Amino acid sequence: MKKALILIDIQNDYFSGGRFELNRTDAAAQNAQSALALFRKKGLPVFHVQHINQNPEPPFLSLIPKVSKSIPWYHPYLVKS
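Keep in mind it's a predicted model, so treat the numbers as computed, not measured. (Residues numbered from 1 in each chain as written. Predicted model: local features only at pLDDT ≥ 70, side-chain atom pairs only at ≥ 80, totals over all residues. Heavy atoms only, no water.)

**Considerations on the overall build of the chain**
Stated formally: Put simply, DSSP H or I for four residues or longer makes a helix, DSSP E for two residues or longer makes a strand, and each gets a number counted from the N terminus. For the exposure calls, accessible area comes from a 1.4 Å probe over protein chains only, and a residue counts as buried if that area is under 20% of its type's maximum, exposed if over 50%, partly exposed in between. Should any heavy atoms of two residues lie within 4.5 Å, those residues are counted as being in contact. Accessibility throughout is a Shrake-Rupley quantity obtained with a 1.4 Å probe, and a residue counts as covered only by protein chains that appear here.
The number of helices and strands found in the chain is one helix and two strands. From first element to last, N terminus to C terminus, the chain shows the α and β order β-α-β. Across the 81 residues in the chain, those meeting the buried criterion constitute 26%. Within the chain, contacts between residues separated by at least 24 positions form 69% of all contacts whose residues are at least 6 apart in sequence. Roughly 6100 Å² of accessible area belongs to the chain as shown, and the carbon and sulfur atoms make up 56% of that amount.

The following block contains the structure:
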């Protein structure tokens, strides 16, 4: 069986101060960070999925969101898997 990590919707709008803040995002971010580190250490594939609003002035899920203090280790435009 092949293994891969799929990280979906780790986006600033869902974290503290975001436009659609969810519950327990800090715990979810810590779990995702640990899983990402483990998969990278083992050389296993990682896939990042984000929903992006391409409207020039989007109310939500902008193309270039600010980097959140909650998830400074995760930025999809800097990540290479």
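**Describing unusual backbone geometry**
Positive phi, close to 60°, is recorded for R24, a residue that is not glycine. Take R24: it is sitting in the loop between β1 (5–8) and α1 (25–41).

**Some words on the packing of aromatic side chains**
For clarity, the cut-off: The rule is short: rings of Phe, Tyr and Trp, with Trp giving its six-membered ring, pair when the centres are within 6.5 Å, and they are stacked under 30 degrees, edge-to-face over 60, tilted in between.
A complete count under the given rule lists one aromatic pair for this structure. When the ring of Y14 is compared with that of F20, the centres are 6.2 Å apart and the planes differ by 70°; the resulting orientation is edge-to-face.

**Things to note about a nonpolar patch on the surface**
The condition is simple: For patches, a residue must show more than 30% relative accessible area and have no salt bridge; joins then use 9 Å for like charges and 5 Å for nonpolar side chains, namely Val, Leu, Ile, Met, Phe, Trp and Tyr. When a carboxyl oxygen of Asp or Glu is within 4 Å of a side-chain nitrogen of Lys or Arg, the pair counts as a salt bridge.
A cluster of nonpolar side chains, I6, I8, F47 and V49, forms an exposed patch at the surface whose accessible area comes to about 370 Å². Within the residue set of the nonpolar patch, elements represented by two or more residues are β1 and β2 (46–49). Assessed through its relative accessible area of 52%, I6 is described here as exposed.

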